[in-house]
Amino acid sequence: MTEIRLTNTLTRQIEDFVPIIPGQVGVYLCGPTVYDLAHLGNARSAVNFDMLHRLLRHDFGAENVSFVRNITDVDDKIIARSIETGKPIGELTAASTQDYLDDLDALSVLPVTNMPRATEYIPEMIGMIEVLIDKGHAYVAPDGNVLFHVPSMNDYGQLSRRSQDDIIAGARVEVSSAKRDASDFVLWKPKKNEEPESAAFASPWGLGRPGWHIECSAMSKSILGDVFDIHAGGNDLIFPHHENEIAQSRCANDTAHMAKTWLHNGMLMVEGQKMSKSLGNFFTVRDLLGEGHQGETLRLSLLSGHYRAPLDFTQAKLVEAKNRLDSWYRTWNGAPAAAEVPEPVLRAVRDDLNTPQAFAEIDALKSNPAQLAAAAQFLGLLTQSPEDWFQGGGSDEDGLSGDAIDALIIERADAKKAKNFARADEIRDQLTEAGIILEDGAGGTTWRRG
Ligand SMILES: [Zn+2]
């Protein structure tokens, strides 16, 4: 079996992946802050590292892989959204978490083995902060914030390799007037008067809530241990989030590493530009599904570039992805999939998750529907019957739902039987106009969207 090779951000090297405990793998992926619908950037990280999850399950066995993706359900943005909408925090985060999971399901992202919510690990976070204070790595500032003292760690900054000036500039985002050093960052912040009780927790430092970074340090330690195999996330998290996770975990646990391998996916752009609400090119997964794109089309688009490179998400890519899937579904035609994933496809994914290469290998399997299906299904594609695929895609505003189309086809058949050919032709015209292609065959009429 070929080795899995991964680009480790910590060493800037492609390395053979060797688990700490032979035969067992622990992965932590930073999950969403739940107050809004997932956008395409969130989806990219989830889909890219779903490929890692699928590969590890294939190579090590599902029961030997712990894949953790957290939910941040306490945060300034959540509190702001709750105040703005009048929705209680618990209701907002529960609904938003369910939306996120529904979207990932539409993108064929496998369920994770653990989905810790930050609010369920407050005692563990407090415990870790107490250890950091005891060891001289953290202090309670006069304004009530508990801060990590960055100069207390002599090799801070190994992951991001940032200059001291950049570190200080980054740290200024978290304003606290009482810092001993400009680069110190928040571990625990006191509740402000206007903030709701439901977002505050009792602690040795009074009512308050954890900083974002300590959440991941405490949850990963609780579930995967002091040192684990792989930590993943978007490359916008390298600094300060991951750098600070490392500082907290290593200093609290007295370890040389937090995770052995750090993986980061590149940013997502839309039509060549950074996705932003002000540019009007901000897309949620829900927007695109609502426009009639199928989840598998979005998934293939998101995997069409190497995970580490920036990905330019374009209309042209969506069309390309849809055409590719059409051709795969046509070749496959529902035949039983081969028992083994074809070796060239596995080799591509084991080589630093090279999904573009894997897709090219699948294209080359045109003469072997069983192998093509096994390969595509390993990548989370061809997950429905060809019939459902060609009928799917939802309906746009002027479009027809699948049920409405079925009803019209039955009405047309009845009209023909009753020799009401005018009505039968009318229905066919209506469907043609809606982009529905009818195929009359021996077994009745089938349809697909054109
Ligand atoms: Zn995190």
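It should be emphasised that the depicted structure is a prediction, and the values quoted were computed from it without experimental measurement.

Some thoughts on the overall build of the chain
At step 1: Helix and strand content of the chain: 16 helices and 15 strands.
At step 2: Summarising its shape, the C-alpha atoms of the chain cover approximately 90 × 55 × 40 Å along the three principal directions.
At step 3: Here the chain, with 450 residues, has 50% of them falling under the buried criterion.
At step 4: Nonlocal contacts in the chain, meaning residues at least 24 apart in sequence, comprise 75% of its contacts between residues at least 6 apart.
At step 5: Of note, the chain has its 43 positive side-chain charges centred 2 Å away from the centre of its 65 negative side-chain charges.

Side note on the coordination of the zinc ion
At step 1: The zinc ion binds to the protein through Cys30 (SG), Cys216 (SG), His241 (NE2) and Glu245 (OE), with metal-donor distances spanning 2.1 to 2.3 Å.
At step 2: One way to put it: the four donor atoms around the zinc ion meet at angles of 76 to 129°, and that makes the site irregular.
At step 3: All donors of the zinc ion come from a single chain, and their spacing in sequence reads C-x185-C-x24-H-x3-E. One end of the pair, Cys30, is in the loop between β3 (25-29) and α1 (40-60); the other, Cys216, is in helix α6 (residues 212-224), and 186 residues separate them in sequence.
At step 4: On the accessibility criterion, Cys30 (9% relative accessible area) is buried.

Remarks on the sheet that holds strand β4 (residues 65-69)
At step 1: Pairing is parallel in the open sheet, where four strands are placed in the order β4-β3-β9-β10. Of all strands in the sheet, those bounded by a partner on one side alone are β4 and β10 (259-265). Between one strand and the next, the sheet's axes are offset by a mean angle of 20°, whatever the strand orientation.

Observations regarding the domain arrangement of the chain
At step 1: Domain boundaries assigned for the chain yield domain 1 (5-265), domain 2 (269-391) and domain 3 (402-449).
At step 2: On a C-alpha basis, the centroid separation for the pair domain 1 and domain 2 is 29 Å.
At step 3: Contact with domain 1, which involves 32 residues of that partner, is made by 35 residues of domain 2.
At step 4: Here domain 1 packs against domain 2, burying approximately 2,900 Å² in sum over the two surfaces, 62% of which is carbon and sulfur.
At step 5: For the pair domain 1 and domain 2, the interface holds five salt bridges.
At step 6: Note that Asp50 is salt-bridged to Arg299, the shortest N-O span being 2.8 Å.
At step 7: Between the two partners, domain 1 and domain 2, sit 15 residue pairs in polar contact (both at pLDDT 80 or more).
At step 8: Contributing elements (two or more residues each) for the side of domain 1 that touches domain 2: β1 (5-8), α1, α3 (89-106) and β10.
At step 9: Per-element tally for the side of domain 1 that touches domain 2: the top contributor is α1, with 14 residues.
At step 10: Its residues assigned to classes, the side of domain 1 that touches domain 2 comprises 15 nonpolar, eight polar and nine charged.

Brief notes about the packing of helix α9 (residues 295-302) against helix α10 (residues 315-332)
At step 1: At a minimum axis separation of 9 Å, α9 and α10 run at an interaxial angle of 115°. Judged by the inter-axis angle, α9 sits roughly perpendicular to α10. Viewed along their axes, α9 and α10 form a crossing whose handedness is right-handed. Within the contact between the two elements, α9 uses Glu296, Thr297, Leu298, Leu300 and Ser301 and α10 uses Lys317, Leu318, Ala321, Lys322, Arg324, Leu325, Trp328 and Tyr329.
At step 2: The residue makeup of the contact of α9 with α10, split by class, is seven nonpolar, two polar and four charged.

As for the sheet that holds strand β13 (residues 311-313)
At step 1: Taken in spatial order, the three strands of this open sheet run β12-β11-β13, and their pairing is mixed. A strand with exactly one partner marks an edge of an open sheet, and here the two such strands are β12 (273-274) and β13.
At step 2: Here strand β11 (residues 268-270) pairs with β12 via two bridges, running antiparallel. Within β12, the residue paired with Val270 across the bridge is Gln273.
At step 3: Relative to the sheet, α9 contacts β11 and β13, its axis offset from that of β13 by approximately 145°.

Reading the values: rules and limits
Residues numbered from 1 in each chain as written. Predicted model: local features only at pLDDT ≥ 70, side-chain atom pairs only at ≥ 80, totals over all residues. Heavy atoms only, no water. Helix = DSSP H or I, 4+ residues; strand = E, 2+ residues; numbered from the N terminus. Buried < 20%, exposed > 50% of the residue type's maximum accessible area, 1.4 Å probe, protein only. Contact = heavy atoms within 4.5 Å. Lys, Arg positive; Asp, Glu negative; His and termini not counted. Charge placed at Lys NZ, Arg CZ, Asp CG, Glu CD. Donors = N, O, S within 2.8 Å, 3.2 Å for Na, K, Ca; no water. Tetrahedral: all angles 85-135°; square planar, octahedral: opposite > 155°, others 65-115°. Pairing = 2+ DSSP bridges. Axes fitted to C-alpha atoms, helices over the stretch in contact; angles between N-to-C directions. Domains from an automatic or database assignment. Buried area = accessible area lost by both parts, 1.4 Å probe. Salt bridge = Lys/Arg side-chain N within 4 Å of Asp/Glu carboxyl O. Polar contact = N/O pair within 3.5 Å; in protein donor to acceptor, adjacent residues only side chain to side chain. Nonpolar A, V, L, I, M, F, W, Y, C, P; charged D, E, K, R; others polar. Parallel < 35°, antiparallel > 145°, perpendicular 65-115°, else oblique. Left-handed = near helix turned anticlockwise from the far one by under 90°.

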